[in-house]
Amino acid sequence: MDNKSNILDITLEYIKGVGPAKAELLKKELKVFRVRDLLTIYPFRYVDRTKFHLIKDLKSDGDTVQLKGKLVSLEKIKGKNNRFRLQGLFKDSSGFIELIWFQGAKWLGNVLKEDHEYVVYGKLTIYKGKKNIAHPEMELLSDRAKDNLQPTFDPVYSSTEKLDSRGLDSKGRRGILKFILGKIREEDVLENIPDYLRTQLKLCTKFQALHWIHFPKNASEKELATNRLKFEELFYLQLRLLLGKETRKKKLKGADFNVVGDYFNTFYKEGLKFELTGAQKRVIKEIRANMGSGVHMNRLLQGDVGSGKTVVGFMSMLLAKDNGYQACMMAPTEILAQQHYAGISELAFPLGLKVGFLSGSVKGKKRQTVLENLKLGEIDILIGTHALIEDPVVFKNLGLAIIDEQHRFGVAQRAKLWKKNTKVAPHVLVMTATPIPRTLAMTVYGDLDVSIIDEMPPGRKLIQTVHQYESARPKVINFMRSEIDKGRQIYVVFPLIEESAKLDLKNLNDGYERLLHFFPMPTYQMSILHGRMKPKDKDFEMDRFVKGVTQIMVATTVIEVGVNVPNASVMIIENTERFGLSQLHQLRGRVGRGSDQSYCILMTGDKLSKESRERIGTMVRTNNGFEIAEADLRLRGPGDIEGTMQSGIMDLKLSSIVEDSGILNAARYYAQAIIERDGDLQHASNQCIKSFLQLSRSNVKIWGRIS
Ligand code: ADP
Ligand code: MG
């Protein structure tokens, strides 16, 4: 059969009941153009027409109801404006209800038959205690029994005002879809899940699924169709991601780090001040294997705050040096970059490695020197902010780029890094403390391989977290005093969001003043830190806190990411209700980094929403980043996560990578298995996959031309 005669490829204007004007509107409002496009606009809910209501049970104005009974009487009534309305009295076993038609009274009056049994379907109005249904759909009970195509779940589609007014609301579209589905032959629909997989997973065919998703006759058909289509979406999502990754691996040659040399070994034997955790060792092995294989590495390193990602990153950089390459590490803020610079310089110095620093604040002659040394290969490791990826930054031989706390760096920026070495693409290691479930990570971070540090260094005391209301302020102040007396340091964090930045800043300053009152100079010293300060002032304040000159750091969330001051053991969060869960977890991660018992105090006002209370409850209950991430997903939904994904690849109509994680896991498993066994999709049983990928690619092109 040639493609032209496939009804799915016909543009909608040629479909009965559509025509050019409506087709244009559908294209504008829903971006659907051909029959196949309209078919994939799935219902977002159904009206269950398997069930009949009883008139006496009808209680809520606006409900869609279905009744079965007898049309007792029918009467044309002349209204004030000389127009006729048709009024019917309908009866079931439980009572009576009025039916009204303001339009088509004459015509309907001739069609509807008194004393016959009907199925009545429409929207209930309760007005001054009186029930009626205006413009109900009427179907003779005897007709329904005859017509076994009659659906029993009515699809409801998302619509717009314009569509509604042009008869393209759910009801109108049901008619069009029914017409289309009646014309489609089984061979018109490309089955895109191989038979062996469908059999194994008990999935219905695509042809069945298309019928059932729009017009299921019962709950089980609805479920079969939904499952099948969700699997299909997630399966192709995974397949595309994995195929993309394979292609990149084939195209991009990575620097071959096959030597484990003196730098790595010396540090491992003499430089490490602690025993690596099992997880750290495993992850270093994964990274080493990847970078030593000649294949380009693009890897995500996930580990909860404080799990020790930095040293893993550092040891990876030593491998670069062992193989004659330079390495760099990029951090999202100046403060964090400075800290890494200080920490890594300390580790690198005994090894005789040269470490450079670059950020927007490094200017003039200093900058020139850094850039020159970098190009000459005089710098082994460069630490900095996103200034590292700017064009004037030229390495002699970059082999590895590490990105810390990746959520602030996008895919495009990563790609820019690859181009920093024209001979071989530098390996990329992205480190993040944002814990998300594994399969989700694999999907969100698309083409990245994932390594996970799921073990904390030993001897860490669990941070004790409590929730306090404003009324407990004096108690909190006393607690702060006693901790400071023990030589500890304290963070006090205020929220700062862009929309209310001015107010928040005032809040922060007020808080600072109030604390000054309780902790007067010179007995006590305080630092203050917020995003509006000049980098120089920020560094000055941060530095005083790091060195222990100040005991209290009053700050906004600029300290959220990565900052490491082991002596700080108390984190006080103000207006906790205004923070999201993962942000709270990040903030709490600033303490508990030394050997002392650490505390996190969540301050709130008295009035809390249910959701805030749940968030705070989660924080108090657990320190586990993965558990918190899951609660966060549940409370906030996947919006944020899905938003960070590459668009285009993610075109999920039915499934959600969060709610359908079971299907997602299966989809990934089978996609992976297929790519391992038949990466080029040569096998006969996988031909349908190949055809579908080609078809969807050409569909994307068609859209490119018409929209
Ligand atoms: P994060 O994963 O949050 O970036 P860091 O790399 O900053 O964590 O490590 C947190 C602290 O734990 C640092 O002071 C680091 O020196 C220390 N650390 C890392 N690994 C270990 C280990 N295996 N044993 C003991 N301490 C460790
Ligand atoms: Mg870190």
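Nothing here was measured: the structure is a model prediction, and the numbers come from that model.

Trainee: For this particular structure, what's the right way to read the overall build of the protein chain?
Mentor: Counting its regular elements, the protein chain contains 25 helices and 21 strands. Principal-axis analysis of the C-alpha atoms places the extent of the protein chain at approximately 100 × 70 × 45 Å. Residues classed as buried in the protein chain amount to 51% of the 707 residues present. A sequence separation of at least 24 residues applies to 73% of the contacts in the protein chain between residues at least 6 apart.

Trainee: Where do I start with the site of ligand 1 in this structure?
Mentor: Around ligand 1, the surrounding shell holds 16 residues, and the nearest of these are Gln 280, Gly 306, Lys 309, Thr 310 and Arg 460. A distance of 3.1 Å is found between an oxygen atom of ligand 1 and a backbone nitrogen or oxygen belonging to Gly 308. Across the complex, the protein chains shield 81% of the 570 Å² of accessible surface that ligand 1 would expose by itself.

Trainee: I would appreciate a short explanation of the sheet that holds strand S15 (residues 449–453) in the present structure.
Mentor: In sheet architecture, strand pairing relies on hydrogen bonds along the backbone and comes in two forms, parallel and antiparallel. One open sheet accounts for seven strands, arranged S11-S12-S10-S13-S14-S9-S15; its pairing is parallel. In this open sheet, the two strands that pair with only one neighbour each are strand S11 (355–358) and S15. Averaged over all adjacent pairs, the angle separating strand axes in this sheet is 20 degrees, with direction ignored. Of the strand pairs in this sheet, strand S13 (residues 398–404) and strand S14 (residues 427–432) are connected by five bridges, and their pairing is parallel. Paired with Leu 400 across the strands is His 427, a residue of S14.

Trainee: Looking at this structure, I do not really get the sheet that holds strand S19 (residues 552–555). What am I missing?
Mentor: Within the open sheet, the six strands sit side by side as S16-S21-S20-S17-S19-S18. Their pairing is parallel. The two strands at the open ends of the sheet, each matched to only one other strand, are strand S16 (464–469) and strand S18 (526–529). In this sheet, adjacent strand axes meet at a mean angle of 20 degrees when their direction is disregarded. In the sheet, strand S17 (residues 489–493) pairs with strand S20 (residues 568–573) via five bridges, with the strands oriented parallel. For Tyr 491, the partnering residue across the bridge sits in S20 and is Met 571.

Trainee: Would you mind showing me how to read unusual backbone geometry here?
Mentor: Peptide bonds are mostly trans, and most non-glycine residues show a negative phi. Residues Met 521 and Pro 522 are joined by a peptide bond in cis, for which omega reads 0 degrees. Position of Pro 522 relative to the elements: it lies in the loop between helix H18 (501–518) and S18. Residues other than glycine seldom take positive phi values, yet Lys 31 does so here, at roughly 60 degrees. Within the secondary structure, Lys 31 sits in the loop between helix H1 (19–30) and helix H2 (35–39). Even without glycine at this site, Lys 128 takes up a positive phi of about 50 degrees. In this fold, Lys 128 is placed in the loop between strand S5 (117–127) and strand S6 (130–134).

Trainee: What is the right way to read the nonpolar core from this model?
Mentor: Taken as a class, soluble globular proteins show a tendency for nonpolar side chains to be buried jointly. Ranked by internal contacts, the top residues of the largest apolar core, which has 67 residues, are Phe 314, Met 317, Leu 382 and Leu 400. Counting residues per element, this core draws most heavily on helix H12 (residues 309–322), which supplies eight residues. Filtering out sequence-adjacent residues up to four positions away, Leu 382 remains in contact with Ala 327, Cys 328, Met 329, Gly 356, Phe 357, Leu 358, Val 370, Leu 374, Leu 388, Val 393 and Phe 395. Counting 35 residues, the second largest nonpolar core, distinct from the first, contains Ile 176, Ile 180, Leu 210 and Trp 212.

Trainee: Could you clarify how one ought to interpret the state of the cysteines in this entry?
Mentor: Each disulfide consists of one covalent bond between the sulfur atoms belonging to two cysteines. Following the criterion strictly, the structure yields zero disulfides and no others. Cys 688 provides the cysteine sulfur closest to Cys 204, a residue in no disulfide bond, and the two sulfurs are 15 Å apart. Residue class for Cys 204 comes out buried when judged on its relative accessible area of 7%. Judged by its relative accessible area of 16%, Cys 688 is buried.

Trainee: Please clarify how the environment of Tyr 341 should be interpreted in this entry.
Mentor: Examined against the element boundaries, Tyr 341 turns out to sit in helix H13 (residues 334–348). Distance from Tyr 341 to Ile 381, taken between C-alpha atoms, is 9.5 Å for residues 40 residues apart in sequence. Discounting chain neighbours no more than four positions away, the residues touching Tyr 341 are Val 355, Gly 356, Phe 357 and Ile 383.

Trainee: Any chance you could explain the confidence of the model for the protein chain here in plain terms?
Mentor: Where the model shows low pLDDT, its predicted coordinates should not be examined in detail. For the protein chain, per-residue confidence averages 87 on the pLDDT scale, and residues scoring 70 or more make up 91% of the total. The model gives residues 642–649 a pLDDT under 50, and that stretch makes 14 contacts with residues more than four places away or in other chains.

Trainee: It is not clear to me how the side chain of Ser 359 should be interpreted in this structure. Could you clarify?
Mentor: Positionally, Ser 359 belongs in the loop between S11 and helix H14 (364–376). Discounting chain neighbours no more than four positions away, the residues touching Ser 359 are Glu 334, Arg 367, Thr 385 and Ala 387.

Trainee: Any chance you could explain the domain arrangement of the protein chain here in plain terms?
Mentor: For interface size, the figure often reported is the accessible area lost on association. For the protein chain, the domain assignment lists domain 1 (1–49 + 171–183), domain 2 (51–150) and domain 3 (464–622). The gap between the C-alpha centroids of domain 2 and domain 3 is 64 Å.

Trainee: I would appreciate a short explanation of the side chain of Asp 322 in the present structure.
Mentor: By the element assignment, Asp 322 lies in helix H12. Within the buried core, Asp 322 has no salt-bridge partner, and the shortest N-O distance to an opposite charge, that of Lys 321, equals 8.4 Å. Excluding its chain neighbours within four sequence positions, the residues that come into contact with Asp 322 are Val 259, Val 260, Gly 261, Asp 262, Tyr 263 and Phe 264.

Trainee: Would you explain the pattern of salt bridges in this entry?
Mentor: Opposite charge on two side chains makes pairing possible when the charged atoms of those side chains draw close. Per the stated rule, a full pass over the model turns up 33 salt bridges. Between Glu 232 and Lys 206 there is a salt bridge whose closest N-O contact spans 2.7 Å. Here Lys 206 lies in helix H8 (residues 206–214) and Glu 232 lies in helix H9 (residues 219–251), a separation of 26 residues in the sequence. With a relative accessible area of 10%, Lys 206 lands in the buried category. Through salt bridges that share partners, Glu 191, Asp 195, Arg 198, Lys 206, Arg 228 and Glu 232 make up one connected network.

Rules behind the numbers
- Residues numbered from 1 in each chain as written.
- Chains lettered and ligands numbered in written order.
- Predicted model: local features only at pLDDT ≥ 70, side-chain atom pairs only at ≥ 80, totals over all residues.
- Heavy atoms only, no water.
- Helix = DSSP H or I, 4+ residues; strand = E, 2+ residues; numbered from the N terminus.
- Buried < 20%, exposed > 50% of the residue type's maximum accessible area, 1.4 Å probe, protein only.
- Contact = heavy atoms within 4.5 Å.
- Near = heavy atom within 4 Å.
- Polar contact = N/O pair within 3.5 Å; in protein donor to acceptor, adjacent residues only side chain to side chain.
- Areas by Shrake-Rupley, 256 points an atom, 1.4 Å probe, with all protein chains shown as cover.
- Pairing = 2+ DSSP bridges.
- Axes fitted to C-alpha atoms, helices over the stretch in contact; angles between N-to-C directions.
- Core = buried A, V, L, I, M, F, W, Y, C linked by side-chain atoms within 4.5 Å.
- Disulfide = S-S within 2.5 Å.
- pLDDT = per-residue confidence, 0-100.
- Domains from an automatic or database assignment.
- Lys, Arg positive; Asp, Glu negative; His and termini not counted.
- Salt bridge = Lys/Arg side-chain N within 4 Å of Asp/Glu carboxyl O.

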